[in-house]
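Structural description and commentary
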Amino acid sequence: MENLILTVGRQCASGGHEIGEKIARRLGIAFYDKKVLMEMAQGKEYDEVRAFYEEQPVNSLLYALAMEMDQEKLGEAPFARIRRLAQEGPCVIIGRCSGYIFRKDPAAVSLFIHADRGLRVERVMNYEGISRKKAEKLVDKTDEDRAAFHQYYTRQQWNCADHYELCLDSGKLGIDGTVDTVLDYLKRRKLL
């Protein structure tokens, strides 16, 4: 487990964040999500890195002009920052194109968590205390934003199974069942 990097892509309300957090806790390894990354970036990073941690694409033309770099270099700073974090030890990283960033690393496993839309809408309704209509809009908008963010930085489709090593339906397995399945998979890959 010395160099394990587990990257977690997830649909809105699929439980991917909770699954990643539980795996990190069970393995006793670092856990990086938006909150942790934003806290680490406070006052240190320029706008692209903060926007990246928020999973919000920056305006490529304005950013390129401001940073005097071309479109191909967008993402370099946040990608490098995330690579440095992973060098500090084994970790779980939620979102932020991390599967793409570590796609060539043999110690990295890219995971995508999905679930039936109806189940995800129900989860948002219960968690947020909002109506079905608002929950549907939130789920759809969040998934659209994640897809656009991923496409912007990687030029790849966000929810395409070809870009992930392991895709699991948390609606069928449940949160704890998905955690157990991922841990079993990591053992079979001889990463634990």
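Residues numbered from 1 in each chain as written. Predicted model: local features only at pLDDT ≥ 70, side-chain atom pairs only at ≥ 80, totals over all residues. Heavy atoms only, no water.

Further remarks concern the overall build of the chain. Helices and strands together make up the secondary structure of the chain, namely nine helices and five strands. Along the chain, helices and strands appear, N-terminal first, in the series β-α-β-α-α-α-α-β-α-β-α-α-β-α. Out of the 192 residues in the chain, the part that is buried amounts to 48%. For the chain, contacts bridging at least 24 residues in sequence account for 72% of all contacts bridging at least 6. Element-wise, carbon and sulfur atoms account for 49% of the exposed surface of the chain, whose accessible area totals about 10,100 Å². (Helix = DSSP H or I, 4+ residues; strand = E, 2+ residues; numbered from the N terminus. Buried < 20%, exposed > 50% of the residue type's maximum accessible area, 1.4 Å probe, protein only. Contact = heavy atoms within 4.5 Å. Areas by Shrake-Rupley, 256 points an atom, 1.4 Å probe, with all protein chains shown as cover.)

Its 12 residues give helix 5 (residues 76-87) an end-to-end C-alpha distance of 17 Å, which sits within 8% of 16 Å, the value for a rise of 1.5 Å per residue. Listed in full, the buried residues belonging to helix 5 are Ala77, Pro78, Phe79, Arg81, Ile82, Leu85 and Ala86. Residue Gly89 follows helix 5 closely and has a positive phi angle near 150°. (Expected span 1.5 Å × (residues − 1).)

This next bit is on unusual backbone geometry. One non-glycine residue, Ala13, adopts positive backbone phi at about 65°. Among the secondary structure elements, Ala13 is positioned in the loop between strand 1 (5-10) and helix 1 (16-27). The phi dihedral of Arg96 is positive, around 55°, even though this residue is not glycine. Secondary-structure assignment places Arg96 in the loop between strand 3 (91-94) and helix 6 (98-101). In this structure Arg96 comes out as buried when scored by relative accessible area, which is 2%.

When pLDDT is averaged along the chain, the result is 87, and 82% of the positions lie at 70 or above. Every residue in residues 60-71 is under pLDDT 50, and counting partners more than four places away or in other chains gives 11 contacts. (pLDDT = per-residue confidence, 0-100.)

Turning next to empty space enclosed by the protein. Unfilled space is identified by rolling a water-sized probe across the atoms. Following the criterion strictly, the structure yields one cavity of 30 Å³ or more and no others. Residue lining of the largest cavity: 17 residues in total, with Gly95, Cys97, His150, Trp158 and Tyr164 positioned closest to the centre. Residue assignment for the lining of the largest cavity shows that the elements contributing at least two residues are strand 1, helix 6 and helix 8 (132-154). Considered class by class, the residues forming the lining of the largest cavity number six nonpolar, seven polar and four charged. (1 Å grid on protein atoms, 1.4 Å probe; cavity = no way out; pocket = protein on both sides within 12 Å on 5 of 7 lines; lining within 4 Å. Points joined across faces, edges and corners; volume = space filled by probe spheres on them. Nonpolar A, V, L, I, M, F, W, Y, C, P; charged D, E, K, R; others polar.)

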